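# Overview (structure and organization)
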Amino acid sequence: MFRLETEVDKERRQLLNKWLRDDNTARSPRLRALRDTPAALEVPLEVWALDADDRLAAGLTGRTWATWLHVDLLWVDARHRGSGLGSRLLAEAERVARTERSCVRSRVETWDFQAPDFYRRRGYEVRGRIENYPPGITEFTLVKELGPVRPGARP
C-alpha cells in the first residue's frame, strides 16, 4: 500500500532529480559520455539591457547545456519594442553560447500571441506545436542552428 502526497518538497524534488538523472545516465551511452564533460553542466546565461538611467529596459534569461542554448525568457519594455533591442539581446545570447560555451543549437518556446514570427525572422524554425496549451493558445517550440563552434572555444 502507498500513501500519496501533493505537498511541495524541495528535498524530495532534488532527490527525484538525482535518481532520474542517474537512471537516464545508466540507460543512455550518449548521456554517460556527456556526464564527464564541461557540456554536462547546466549554466545560466543572462543578458540585460539598461537605459540611460540604469533602469531595466529588456532582458533575456536562459541556460546552456549539452551544446544547446535554451532561451527561457525574453522581454522588452513596451517603450522600447520595435527598436531592435530584443534582436540585440538574442544575438548576444547566441554569440556567448556559441563562442564561449560551444553551443551549436538554440531552442525557445513561445505562445502564438507572443513572438513566433520574431524568432522565425531570426532564423528559428518551428519544430513543435501544441494546440490549446493553455486553452485557446498555441505553444511553439522553435530551434536554430548556431553554426560551427570556433576553434579554441571552451567546450
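What comes next concerns the included structure. (Residues numbered from 1 in each chain as written. Predicted model: local features only at pLDDT ≥ 70, side-chain atom pairs only at ≥ 80, totals over all residues. Heavy atoms only, no water.)

### A word on the sheet that holds strand S3 (residues 68–76)
Applied cut-off: When DSSP finds two or more bridges between a pair of strands, those strands are recorded as paired. Think of it this way: any DSSP run of H or I at least four residues long counts as a helix, any run of E at least two long counts as a strand, and we number them from the N terminus. An axis is simply a line fitted to the C-alpha atoms; with a helix, the fit covers only the stretch in contact. Between two such axes, the angle follows the N-to-C directions and lies from 0 to 180 degrees. Should any heavy atoms of two residues lie within 4.5 Å, those residues are counted as being in contact.
With mixed pairing, the six strands of this open sheet are ordered in space as S1-S2-S3-S4-S6-S5. Edge positions in the sheet fall to strand S1 (43–50) and strand S5 (125–130), since each has one partner strand and no second. Each strand of the sheet is rotated relative to its neighbour by a mean of 20°, with strand direction disregarded. Across seven bridges, strand S4 (residues 105–111) lies against strand S6 (residues 139–145) in antiparallel orientation. Bridged to glutamate 109 within S6 is threonine 141. Sitting on the sheet, helix H3 (residues 85–101) touches S1, strand S2 (56–65), S3 and S6, and the angle it makes with S1 is about 145°.

### Thoughts on the environment of arginine 88
Keep this limit in mind: Residue exposure (1.4 Å probe, protein chains only): buried if accessible area is under 20% of the type maximum, exposed if over 50%, otherwise partly exposed.
Assignment of secondary structure puts arginine 88 in helix H3. On the basis of relative accessible area, arginine 88 is assigned to the exposed category, the value being 62%. Expressed as a C-alpha distance, the spacing of arginine 88 and threonine 61, which sit 27 residues apart in the sequence, is 14 Å.

### Some thoughts on the side chain of threonine 138
We apply this condition: In protein, a polar contact requires one atom able to donate a hydrogen and another able to accept it; more generally it is a pair of N or O atoms within 3.5 Å, and residues adjacent in sequence count only if both atoms are side-chain atoms.
The topology assignment puts threonine 138 in the loop between S5 and S6. There is a polar contact of 2.9 Å between the side chain of threonine 138 and the side chain of glutamate 131. Look past the residues within four positions of threonine 138 in its chain and what remains in contact with it is Thr110, Trp111, Asp112, Arg129, Ile130 and Glu131.

### As for the environment of leucine 56
With respect to the helices and strands, leucine 56 occurs in strand S2. Given the relative accessible area of 43%, leucine 56 is considered partly exposed. Separated by 20 residues in the primary sequence, leucine 56 and valine 76 have C-alpha atoms spaced 9.0 Å apart.

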